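What follows is the residue order along each chain.
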Amino acid sequence: MLEVREIHTYYGDSHVLQGVSFEVNKGEVVCLLGRNGAGKTTTMRSVMGVVPPREGKITFLGEETTGLPPYRMVKKGMAYVPEDRRVFPDLTVEENLEVAYIAARREGRWNVEVILELFPMLNRLRNRKAGHLSGGEQQLMVIARALMANPAMLILDEPCEGLAPIIVEELEGVIMEIRQEVTILLAEQNAPFALRVSHRGYVIEKGRIKFHGTTKELMENQEIQSRYLAL
Ligand SMILES: Nc1ncnc2c1ncn2[C@@H]1O[C@H](COP(=O)(O)OP(=O)(O)OP(=O)(O)O)[C@@H](O)[C@H]1O
Ligand SMILES: [Mg+2]
């Protein structure tokens, strides 16, 4: 579904991604693991066209998309939940979801009712203004909102960051539920969570992929665990 080949991405003169390659197949959850500053977010921004790579090639759903701007990627069926999540604070949870549905204009399975059934915690808060939710609840809502676009693929940048354990649990349930239908690329520092929900993973360090394998292989590799995952 997504194929990234040898991409090099810069911020000004700073050469951050130094030949990153990976792929995500339809129906997979793939995680990108790595410490602070390893290049996880830059990889996601490169795929979305927020920071286009200077070299290399990105293919999404069989078409080359290298350098396409984010709105074109969204139209093609890519949804992206960045690290800094924004809600419409004066709209209710339900209204936030409806706005996303109208904006996306992509037919598919997800609509407000289906989504709220999937997120019981949000369902209980459906009439509350998003600005009055806790940070963790807002985070869940932004993920729910991304699904409203009926994406073929969902990119989540550190979805667990700052979440209370009970919200992480809800998120885990949601991912296990939707992974039958949506292909997911996930960046995480919370390796135990990532390894529970993913099929495969890549370890990135200093802008290069250092290791990849199935989650089982990642979990069984002592060196990877101690050097990169700090479990
Ligand atoms: N806007 C920017 N301008 C210049 N350098 C940046 C910018 N954003 C990130 N960097 C640098 O690029 C490198 C990779 O950062 P990136 O944000 O991709 O890492 P990350 O793996 O997402 O880290 P984290 O876990 O902290 O989110 C780091 O050295 C960082 O300092
Ligand atoms: Mg990041």
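Worth saying up front: this structure is predicted, and the values here are computed from it rather than measured.

Definitions and cut-offs
- The residue numbering used here restarts from 1 in each chain and proceeds along that chain's sequence as written.
- Note on labels: chains are lettered from A, ligands numbered from 1, in written order.
- A pLDDT threshold of at least 70 governs which residues receive local features in this predicted model, and a stricter bar of 80 or more applies before side-chain atom pairs are shown or counted, although totals over entire chains, interfaces and linings include all residues.
- Excluding hydrogens and water, the side-chain values take into account all heavy atoms of the structure.
- Whether a residue is buried, partly exposed or exposed follows from its accessible area with a 1.4 Å probe, protein chains only, as a fraction of its type maximum: under 20%, in between, or over 50%, in that order.
- The numbering of helices and of strands both runs from the N terminus, where a helix is a DSSP run of H or I of at least 4 residues and a strand a run of E of at least 2.
- Should DSSP find at least two bridges between two strands, the strands are regarded as paired.
- Listed donor atoms are N, O and S within 2.8 Å of the metal (Na, K and Ca: 3.2 Å). As water is not included, a site may look incomplete.
- When we say a residue is near a molecule or strand, we mean one of its heavy atoms is within 4 Å of it.
- As used in this structure description, the phrase polar contact means that two N or O atoms lie within 3.5 Å; if the pair is within protein, one of them must be able to donate a hydrogen and the other to accept it, and residues adjacent in sequence are counted only when both atoms belong to side chains.
- The residue classification treats Ala, Val, Leu, Ile, Met, Phe, Trp, Tyr, Cys and Pro as nonpolar and Asp, Glu, Lys and Arg as charged. All others, Gly included, are polar.
- Here a cavity is any set of points on a 1 Å grid over the protein atoms alone where a 1.4 Å probe fits but cannot get out, and a pocket is any open set with protein on both sides within 12 Å along at least 5 of 7 lines; a residue lines the site when it has an atom within 4 Å of a point.
- Grid points are joined across faces, edges and corners, and a volume is the space filled by probe spheres set on the points.

Chemist: It is not clear to me how the pairing of strand S9 (residues 200-205) should be interpreted in this structure. Could you clarify?
Modeler: If a strand is regular, its side chains alternate between the two faces of the sheet. For S9, the buried fraction is high: five of the six residues fall into the buried class. In this sheet, S9 lies alongside strand S3 (residues 29-33) in parallel orientation, the contact comprising four bridges. Its bridge partner lying in S9, Cys31 is registered against Gly201. One ladder, built from six bridges, connects S9 with strand S10 (residues 208-214); its direction is antiparallel.

Chemist: Looking at this structure, I do not really get the coordination of the magnesium ion (ligand 2). What am I missing?
Modeler: Around a metal, the perfect tetrahedron of four donors has angles of 109.5 degrees, and the perfect octahedron of six donors has angles of 90 or 180 degrees. Listed as protein donors to the magnesium ion (ligand 2) are Thr41 (OG1) and Glu83 (OE); their distances from the metal cover 1.9 to 2.7 Å. You can see Thr41 sitting in helix H1 (residues 40-48) and its partner Glu83 sitting in the loop between strand S6 (78-81) and helix H3 (93-104), a full 42 residues away along the chain. Judged by relative accessible area, Glu83 falls into the partly exposed class, the value being 31%.

Chemist: Looking at this structure, how should I read the site of ligand 1?
Modeler: Close contacts around ligand 1 come from 13 residues, with Asn36, Gly37, Thr41, Thr42 and Glu83 the closest. Gly39 places a polar main-chain atom, nitrogen or oxygen, 3.0 Å from an oxygen atom of ligand 1. Note that an oxygen atom of ligand 1 is positioned 2.8 Å from one of the side-chain N or O atoms of Glu83. Examining the composition of the shell around ligand 1, we find that three residues originate from one element, H1, more than from any other. Of the residues that constitute the shell around ligand 1, the class distribution is three nonpolar, six polar and four charged.

Chemist: Please clarify how the sheet that holds strand S1 (residues 2-11) should be interpreted in this entry.
Modeler: Working definition: the strands of a sheet are paired by backbone hydrogen bonds and lie parallel or antiparallel to each other. Reading across from one edge, S2-S1-S4-S5 is the order of the four strands in this open sheet, with antiparallel pairing throughout. Lying at the two open borders of the sheet, with one neighbouring strand each, are strand S2 (14-24) and strand S5 (63-64).

Chemist: What should I look at first to understand the pairing of S6 in this one?
Modeler: Covered by surrounding structure in S6 are Met78 and Tyr80 together with Ala79 and Val81, the residues of both alternating faces. Pairing of S6 with strand S7 (residues 153-157) involves four bridges; the strand directions are parallel. When the bridges of S7 are listed, Ala79 appears paired with Leu154.

Chemist: I keep staring at the layout of surface pockets and nothing clicks. Help me out?
Modeler: Sizing a probe to match a water molecule and rolling it over the atoms shows the empty space that remains. Considering only enclosed or pocket space, the largest pocket measures out at about 670 Å³ in volume. Surrounding the largest pocket, 27 residues form its lining, Val74, Tyr80, Arg145, Ala146 and Ala149 being those nearest its centre. Counting residues per element, the ones that place at least two in the lining of the largest pocket are helix H2 (70-75), S6, H3 and helix H6 (135-147). Looking at the lining of the largest pocket element by element, the count peaks at five residues for H3. Across the lining of the largest pocket, the residue classes tally to 18 nonpolar, two polar and seven charged.

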